[in-house]
Amino acid sequence: MRLSPEGTAEWDEELTSRVIGHLASRMNALTTALPTTDDHLTITVPLVLT
């Protein structure tokens, strides 16, 4: 499959939400993904020191 030319990608909110949710789950996130003021999503994960 070929990628579209640079600058033509479209936002897929559903896919992004599922990916962030999966990462949050795998990383034992303390909260669900939260939007920031600049339209990014953040998750808070515990810091595990070994």
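Let us look at the structure shown here.

About the criteria used
- Going along each chain's sequence as written, the residues are numbered from 1 onward.
- pLDDT decides what is reported in this predicted model: residues at 70 or higher carry local features, side-chain atom pairs at 80 or more are listed and counted, and totals for whole chains, interfaces and linings draw on all residues regardless.
- Heavy atoms throughout the structure, all of them, feed into the side-chain values; hydrogens and water do not.
- One speaks of a salt bridge when a side-chain nitrogen belonging to Lys or Arg is within 4 Å of a carboxyl oxygen belonging to Asp or Glu.
- Secondary structure counts use DSSP, requiring at least four H or I residues in a row for a helix and at least two E residues in a row for a strand, with both numbered from the N terminus.
- Buried, partly exposed and exposed residues are distinguished by accessible area as a fraction of the type maximum, computed with a 1.4 Å probe on protein chains only: under 20%, between the cut-offs, and over 50%, respectively.
- Patch membership needs two things, relative accessible area over 30% and no salt bridge, and members are linked within 9 Å if like-charged or within 5 Å if nonpolar (Val, Leu, Ile, Met, Phe, Trp, Tyr).
- All accessible-area figures derive from a Shrake-Rupley calculation using a 1.4 Å probe, and residue coverage is judged against the displayed protein chains alone.

As for the pattern of salt bridges
With the rule as written, the count across this model stands at 1 salt bridge. One salt bridge in this structure joins Arg-18 and Glu-14, with 3.4 Å as the shortest N-O distance. Within this pair, Arg-18 and its partner Glu-14 are both found in helix H1 (residues 13–26), separated by 4 residues, close to a single helical turn. Among the residues examined, Arg-18 registers a relative accessible area of 52% and is labelled exposed. You can call Glu-14 exposed: its relative accessible area is 54%.

A look at a nonpolar patch on the surface
A grouping of Leu-15, Val-19, Leu-23, Met-27 and Val-45 is seen on the molecular surface, where their side chains present a nonpolar patch of about 380 Å² in accessible area. In this fold, Leu-23 is placed in helix H1.

Worth remembering: the numbers are spatial, not functional.
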